[in-house]
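# Chain and residue survey
What follows is the residue order along each chain.
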Amino acid sequence: MKFNKKAILFFAICTLIFSQKPYRGAEYRTIENHQYGRFEIRMKSAFGSGIVSSFFTIKDYWAEGLSGTANWREIDFEALGQHTNKIQTNIITAYETHHVELHTLMYNPHVGFHTYAFEWTPENIKFFIDDQLVRNDENNYTQSLESGQKIMMNIWQPIWEDWVGTFDESILPVYAFYDWVKYYTYTPGTGNYGSNNDFTLNWLDNFDYFDSSRWEKATHTWTANNAQFVQENAVLQYGYLILCLTDNTTSGYSGDPLSVSGDKNNDKSKTLIVYPNPFNSNTSITFYLLDPEIIDLSIIDVTGNTVKKLMNEKRPAGNSIVNWDGKNMNGESVTSGIYFCLLKVNEESFKSKIVLLK
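So, here's what we can say about the structure. Quantities reported herein were computed from a predicted structural model and do not represent experimental measurements.

Our next topic: the overall build of the protein. Counting secondary structure elements, the protein contains four helices and 23 strands. Against the compact-globule benchmark of 21 Å for 358 residues, the protein has a radius of gyration of 22 Å, which places it among compact chains. The C-alpha extent of the protein, read off along each of the three principal axes, is 85 × 45 × 40 Å. Out of the 358 residues belonging to the protein, those deemed buried represent 51%. Long-range pairs, those at least 24 residues apart, make up 64% of the contacts in the protein with a sequence separation of at least 6. Of the roughly 16,700 Å² of accessible surface on the protein, 50% is carried by carbon and sulfur atoms.

Right under this line is the structure:
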């Protein structure tokens, strides 16, 4: 068999890269591109400093034979394993320009399953957590996302400790669990779901089996990733897609099936969301309670002084929404700056930063 010298060099480089990577991760990606729509997943992210598990779309310009970060387009939910009450959203545009927001949650995303979704239209991109709007971007950079993207989930170990924290390989193996994923096409005026009923369900995958007509398991890596993606670490088992991060001598899922089965029908737990944030006139504070609880909700400043008491009463289970108009207890407008929403539920306290801009 005759080998092309460039092909030999390519395989040699791939072998060298693989041998140098200390860990094995996984990535699950659609074969086809999707342009506009609502992208939705139910997931339980991986816990541990130095780890990222994700749900996102990206323009696979490398597969199109293009080069250069001028072609970069991406929409992300990224769970950073060191945070027990936060999740990151990001929109990446030309020249790998990041537009990051870190959202404070009222729950640990690595403990239970939650639903994460974003709606991508020609005008804007909206992010939702457990059906609550947490971010809405409508500007020039969102409108630059004008071509199709692949849907992806992955787990990896970045080199950037200032972003993800210090990694301790003794925690391996770790796993991210995905219950289902849905894709809704953008059908303004004729849809039946999402914002203004502008979306129509196109397909649902419950991860009961590997649908090779829709998905592929990645086998690549890159310089900033300490893990090599291997197909064996994208496992479909117990009705879940399980993405595994392991050392470079083992692969696959070796956890207890009972560790996730109890979460199968538990769609919600406590949530705390402030939107819009930053704001300049009014913002809404939404919280979800599993059971009726006595709650205390206040706005405090950076020194811990109470600016305004918003609520102190027993609330029913489910969603509650409280508005803050940027005024203090005397009805006077407060100055621009950083404030905090402080929610106390029994013995627990939850705090979320609010930015007031005038």
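If you look at the biggest cluster of nonpolar residues, it comprises 44 residues, and the most contacted ones within it are Phe 55, Ile 129, Met 153, Ile 155, Tyr 178 and Leu 243. In terms of residues, this core owes the most to one element, strand S11 (residues 174–186), which gives five residues. Excluding anything up to four places from it in sequence, Tyr 178 contacts Ile 41, Arg 42, Met 43, Ser 53, Ser 54, Phe 113, Met 153, Asn 154, Phe 207, Tyr 240, Leu 241 and Leu 243.

Residue Pro 173 is reached from Leu 172 by a cis peptide bond, and omega for that bond is 0 degrees. In this structure, Pro 173 sits in the loop between helix H3 (161–164) and S11. Pro 278 follows Asn 277 through a cis peptide bond whose omega is 5 degrees. With respect to the element layout, Pro 278 can be found in the loop between strand S17 (271–275) and strand S18 (283–289). The phi dihedral of Tyr 95 falls on the positive side, at around 65 degrees, and the residue is not glycine. Following the sequence through the fold, Tyr 95 ends up in the loop between strand S5 (86–93) and strand S6 (97–104).

This next bit is on the packing of aromatic side chains. Using the criterion set out here, one finds 33 aromatic pairs in the structure. The interplanar angle of 55 degrees and the centroid separation of 6.0 Å between the aromatic rings of Tyr 28 and Phe 210 together place this pair among those described as tilted. On the criterion of sequence distance, the pair formed by Tyr 28 in strand S1 (residues 23–30) and Phe 210 in the loop between strand S12 (199–205) and strand S13 (215–217) is long-range, its members being 182 residues apart. Accessibility expressed as a relative area gives 0% for Tyr 28, which makes it buried. Ring centres of Tyr 175 and Tyr 253 lie 4.5 Å apart, and the angle between their planes is 75 degrees; this geometry places the pair in the edge-to-face category.

Tracing the backbone shows Ile 285 in strand S18. Linking Ile 285 and Ser 352, residues 67 residues apart in sequence, is a C-alpha distance of 9.7 Å. Beyond its immediate stretch of four places on either side in the chain, Ile 285 contacts Leu 272, Ile 273, Val 274, Leu 297, Ile 299, Leu 310, Ser 320, Ile 321, Val 322 and Cys 341.

By volume, the largest pocket is sized at about 730 Å³. What lines the largest pocket is a set of 28 residues, and nearest its centre among them are Ile 58, Trp 62, Trp 72, Glu 74 and Trp 222. Taken together, the elements giving at least two residues each to the lining of the largest pocket come down to S1, strand S3 (52–58), strand S4 (74–80), S5, S6 and strand S10 (150–156). Residue composition of the lining of the largest pocket, grouped by class: 13 nonpolar, seven polar and eight charged. In this model, the second largest pocket occupies a volume close to 440 Å³. The wall of the second largest pocket is formed by 16 residues, among which Leu 102, His 103, Thr 104, Asn 277 and Lys 353 lie closest to the centre. Those elements that provide at least two residues to the lining of the second largest pocket are S6, S17 and strand S23 (348–356). Its residues placed into classes, the lining of the second largest pocket shows eight nonpolar, four polar and four charged.

Right, let's get into the pattern of salt bridges. Under the criterion given, the structure shown has 18 salt bridges. Between Glu 101 and Arg 135 there is a salt bridge whose closest N-O contact spans 3.5 Å. Placement of Glu 101 in strand S6 and of Arg 135 in strand S9 (residues 132–137) is noted, with a sequence separation of 34 residues between them. Asp 325 is the partner of Lys 308 in a salt bridge, and the nearest nitrogen-oxygen pair spans 3.8 Å. Here Asp 325 lies in the loop between strand S21 (318–324) and strand S22 (337–345) and Lys 308 lies in strand S20 (residues 306–315), a separation of 17 residues in the sequence. Assessed through its relative accessible area of 31%, Asp 325 is described here as partly exposed. Overlapping salt bridges, with partners in common, bring together Glu 27, Arg 29, Asp 60, Lys 150 and Glu 216 in one network.

The rules behind the values
- Counting of residues starts from 1 at the beginning of each chain's written sequence and follows it residue by residue.
- Local features in a predicted model are, by the rule used here, given only for residues with pLDDT of at least 70; side-chain atom pairs are given and counted only at 80 or more, and totals for whole chains, interfaces and linings are based on all residues.
- Working from all heavy atoms in the structure, the side-chain values ignore hydrogens and water.
- Secondary structure elements follow DSSP: runs of H or I no shorter than four residues count as helices, runs of E no shorter than two count as strands, and numbering proceeds from the N terminus.
- As defined in this context, the radius of gyration uses C-alpha atoms, and a globule is described by 2.2 Å times the residue total to the power 0.38.
- Three exposure classes are used, based on accessible area relative to the maximum for each residue type with a 1.4 Å probe and protein chains only: buried under 20%, partly exposed in between, and exposed over 50%.
- We call two residues in contact when some of their heavy atoms are within 4.5 Å.
- All accessible areas in this document rest on Shrake-Rupley with a 1.4 Å probe, and a residue is counted as covered only by the protein chains that are shown.
- Think of a nonpolar core as a cluster: buried Ala, Val, Leu, Ile, Met, Phe, Trp, Tyr and Cys residues, connected wherever their side-chain atoms sit within 4.5 Å.
- When two rings of Phe, Tyr or Trp (its six-membered ring) have centres within 6.5 Å they constitute a pair, described as stacked for plane angles under 30 degrees, edge-to-face for angles over 60, and tilted for the intermediate range.
- We place a 1 Å grid over just the protein atoms. Points where a 1.4 Å probe fits but has no way out form a cavity, open points with protein on both sides within 12 Å along at least 5 of 7 lines form a pocket, and any residue with an atom within 4 Å of a point lines it.
- Grid points are joined across faces, edges and corners, and a volume is the space filled by probe spheres set on the points.
- Ten residues, namely Ala, Val, Leu, Ile, Met, Phe, Trp, Tyr, Cys and Pro, are considered nonpolar, four, namely Asp, Glu, Lys and Arg, are considered charged, and the remaining ones, Gly among them, are considered polar.
- The term salt bridge refers to a pairing of a side-chain nitrogen on Lys or Arg with a carboxyl oxygen on Asp or Glu at a separation within 4 Å.

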